[in-house]
Amino acid sequence: MPTSSASTTDSARPAASGGVQSLERAFDLLERMADAGGEVGLSELSASSGLPLPTIHRLMRTLVACGYVRQQPNRRYALGPRLIRLGESASRLLGTWARPYLARLVEETGETANMALLDGDEIVYVAQVPSKHSMRMFTEVGRRVLPHSTGVGKALLAGLPPEEVRALLGRTGMPAATEKTITTPEGFLAALEEVRRQGYAIDDNEQEIGVRCLAVPVPDAPTAAAISISGPAGRVTEAATERIVPVLQEIARELSEALANPGGGPAA
């Protein structure tokens, strides 16, 4: 059966990377939809991507048929439910890939190491390697917390524009976990400025009394991610911070490079 020249061009033309151009375009559109909050119109996608409307319409029609996009009653397009399954599986694998790096972090710092993602308005922990000390911190993988009271939350939100941070804080309400939790947007934005200045974030008894955490973002991660160490305040002192932060930053860079490896999962 003959095919149209447009269809043949889209599916068969090699992309600059050596892949299939239509696949690259489809995934680019999905990412643009996610950046826009999950729901967009065709004209918005055309303006942001530079692709002609007929090409976008054809790609979106395919994504709708596969369940990765759904068309709303208002004719706009939204990310579809089949992406949830892919995202959950990818999050589990991300945690698995990160574990060797977290294990090194534990070996070099002596404290429990964590990896967390920003999921909507919450922080979700996707991996942990516990300290070998008898007194150690434990956070269940899959646990969700609000970002304003955590080191990983500060590390992740420090990369967002202030107006986005204010909007998130307005939605969460900034409840106090302890008497040291920052509970005002102004105070939290000032704390984020300090995170950007010094290159790492601190949770100083803000999520749990007696516990201090140090966190850094994973640079250029495919999804916003941060790693941290947590331990008793008596061990995670100012002197320990000076020793631990460079280790955190080095391992975050190595993890970033491994996650960007197109050949597969990190080998560590």
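All values derive from a computational prediction rather than experimental measurement.

Enquirer: Before we move on, can you summarise the overall build of the protein with the specific residues and values?
Expert: Of the regular secondary structure elements, the protein holds nine helices and nine strands. Across the 268 residues that make up the protein, the buried fraction comes to 43%. A sequence separation of at least 24 residues applies to 55% of the contacts in the protein between residues at least 6 apart. Surface exposure of the protein reaches about 14,000 Å², of which carbon and sulfur atoms provide 54%.

Enquirer: Provide a residue-level description of the nonpolar core, including the pertinent values.
Expert: Among the nonpolar cores identified, the biggest contains 33 residues, and Leu105, Met115, Leu214, Ile227, Leu248 and Leu255 are the most heavily contacted of them. Elements supplying a minimum of two residues to this core: α5 (82–109), β4 (112–119), β5 (122–129), β8 (211–217), β9 (225–232) and α9 (238–259). Element by element, the count of residues in this core is highest for α9, at ten residues. One finds Val145, Val152, Leu169 and Leu189 within the second-largest nonpolar core, a separate group that totals 22 residues.

Enquirer: Lay out the environment of Gln71 with the relevant residues and their values.
Expert: Along the polypeptide, Gln71 turns up in strand β2 (residues 69–71). Put simply, Gln71 and Glu39 are 32 residues apart on the chain and 9.3 Å apart in space, counted from C-alpha to C-alpha. When sequence neighbours within four positions are dropped, the list of residues in contact with Gln71 reads Val64, Arg76 and Tyr77. In terms of polar contacts, Gln71 uses its side chain to reach the backbone carbonyl oxygen of Arg75, at 3.5 Å.

Enquirer: An account of the layout of surface pockets is needed here, citing residue identities and associated values.
Expert: As a volume, the second largest pocket reaches approximately 250 Å³. Forming the walls of the second largest pocket are 17 residues, and the residues nearest its centre are Tyr125, Thr139, Arg143, Gln207 and Cys213. Elements with a minimum of two residues in the lining of the second largest pocket: α6 (151–157), β8 and β9. When the residues that make up the lining of the second largest pocket are grouped by side-chain class, the tally is seven nonpolar, seven polar and three charged.

Enquirer: Describe unusual backbone geometry, naming the residues involved and giving the relevant values.
Expert: Excluding glycine, residues mostly have negative phi values, and the peptide bonds linking residues are mostly trans. Residues other than glycine seldom take positive phi values, yet Arg75 does so here, at roughly 80°. Residue position: Arg75 is located in the loop between β2 and β3 (77–79). Given the relative accessible area of 59%, Arg75 is considered exposed. A positive phi angle, close to 65°, is found at Asn205, a residue other than glycine. Within the element layout of this structure, Asn205 appears in the loop between β7 (201–204) and β8. On the accessibility criterion, Asn205 (11% relative accessible area) is buried.

About the criteria used
- Numbering of residues starts from 1 in every chain and runs along the sequence as written.
- For this predicted model, a pLDDT threshold of at least 70 governs which residues receive local features, and a threshold of 80 or more governs which side-chain atom pairs are given and counted, while totals over whole chains, interfaces and linings are taken from all residues.
- Note: side-chain values were computed over all heavy atoms of the structure, leaving out hydrogens and water.
- For helices the rule is a DSSP run of H or I covering at least 4 residues; for strands it is a run of E covering at least 2, with both sets numbered from the N terminus onward.
- To sort residues, take the accessible area from a 1.4 Å probe on protein chains only and compare it with the maximum for the residue type: under 20% means buried, over 50% means exposed, and anything in between is partly exposed.
- Here a residue-residue contact requires only that any non-hydrogen atoms of the pair lie within 4.5 Å.
- The Shrake-Rupley method, run with a 1.4 Å probe, gives the accessible areas here. Residue values count only the displayed protein chains as cover.
- What we call a nonpolar core is a set of buried Ala, Val, Leu, Ile, Met, Phe, Trp, Tyr and Cys residues that are connected through their side-chain atoms within 4.5 Å.
- Whenever two N or O atoms come within 3.5 Å, that pair is a polar contact, provided that in protein one can donate a hydrogen and the other can accept it, and provided that, for residues adjacent in sequence, both atoms are side-chain atoms.
- A cavity here means a set of 1 Å grid points, computed over protein atoms only, where a 1.4 Å probe fits but cannot escape. A pocket is an open set with protein on both sides within 12 Å along at least 5 of 7 lines, and lining residues have an atom within 4 Å of a point.
- Grid points are joined across faces, edges and corners, and a volume is the space filled by probe spheres set on the points.
- Each residue is assigned to one of three groups, with Ala, Val, Leu, Ile, Met, Phe, Trp, Tyr, Cys and Pro labelled nonpolar, Asp, Glu, Lys and Arg labelled charged, and all others, Gly among them, labelled polar.

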